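Next come the chains, spelled out residue by residue.
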Amino acid sequence: ETIRHEAKIIAVFDAQYMRHAIGHLVRNAIAFSSSGTFVTVAAARRDSMLFFSVTDQGQGIPASEIPSLFKDFARISVRPTGGEHTTRLGLGIVRRIVEAHGGTTHVQSVPQQGSTFTIQLPWKEHVTEQ
């Protein structure tokens, strides 16, 4: 009899909190993008990390404002395109959720071209017998 081994990715995190974090990034991407543009959500695995990214074709963020983005009550010059209200707490909460799971948050942005917000989380390979 042949035993087949399959590698599965095991990432341990609280699904409700991680859903909140990724959902917030998606809602922000929509709120800060103009009508008719695209928001892309992607997931990838590289080495011992999982990456979840949200990319928009929105207004982008000035480089000088990026260091304070994940702080509570951060003020930035970019405003939601539909006039949505923001508490300025969201990205700080995202950062705390991700860090509590051993991960990190990153942003790349070009003014007038858009932004990519990335959540990076640790994972380990687990072999199961079938």
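Located above this text is the structure these notes cover.
The structure presented is a predicted model; accordingly, all values stated were derived computationally and were not measured.

## Some remarks on helix α2 (residues 90-100)
Residues spaced three or four apart along an α-helix face the same direction, because each turn holds 3.6 residues. Along α2, the positions that sit buried rather than exposed are Gly90, Leu91, Gly92, Val94, Ile97 and Val98. Contact partners of the buried residues in α2: α1 (15-31), β4 (104-110) and β5 (114-122). One or two positions beyond α2, positive phi appears at glycine 102, with a value near 80°.

## Things to note about the sheet that holds strand β2 (residues 39-46)
Spatial strand order, β2-β3-β5-β4: 4 strands in an open sheet with antiparallel pairing. If you trace the sheet from one side to the other, it starts and ends with β2 and β4, each paired once. Neighbour-to-neighbour, the strand axes of this sheet turn through a mean angle of 15°, independent of strand direction. Alignment of β2 against strand β3 (residues 49-56), held across 8 bridges, turns out to be antiparallel.

## Re the pattern of salt bridges
Per the stated rule, a full pass over the model turns up 1 salt bridge. Arginine 95 is the partner of glutamate 99 in a salt bridge, and the nearest nitrogen-oxygen pair spans 3.3 Å. Placement of both glutamate 99 and arginine 95 in helix α2 is noted, with a separation of 4 residues, approximately one turn of the helix. Classification of glutamate 99 as partly exposed rests on a relative accessible area of 45%. Judged by its relative accessible area of 23%, arginine 95 is partly exposed.

## Observations concerning the nonpolar core
Among the nonpolar cores identified, the biggest contains 17 residues, and Leu25, Leu69, Phe117 and Ile119 are the most heavily contacted of them. Where this core is concerned, the elements lending two or more residues are α1, α2 and β5. The element that contributes the greatest number of residues to this core is α1, accounting for 5 residues.

Parameters and conventions
Residues numbered from 1 in each chain as written. Predicted model: local features only at pLDDT ≥ 70, side-chain atom pairs only at ≥ 80, totals over all residues. Heavy atoms only, no water. Buried < 20%, exposed > 50% of the residue type's maximum accessible area, 1.4 Å probe, protein only. Helix = DSSP H or I, 4+ residues; strand = E, 2+ residues; numbered from the N terminus. Contact = heavy atoms within 4.5 Å. Pairing = 2+ DSSP bridges. Axes fitted to C-alpha atoms, helices over the stretch in contact; angles between N-to-C directions. Salt bridge = Lys/Arg side-chain N within 4 Å of Asp/Glu carboxyl O. Core = buried A, V, L, I, M, F, W, Y, C linked by side-chain atoms within 4.5 Å.

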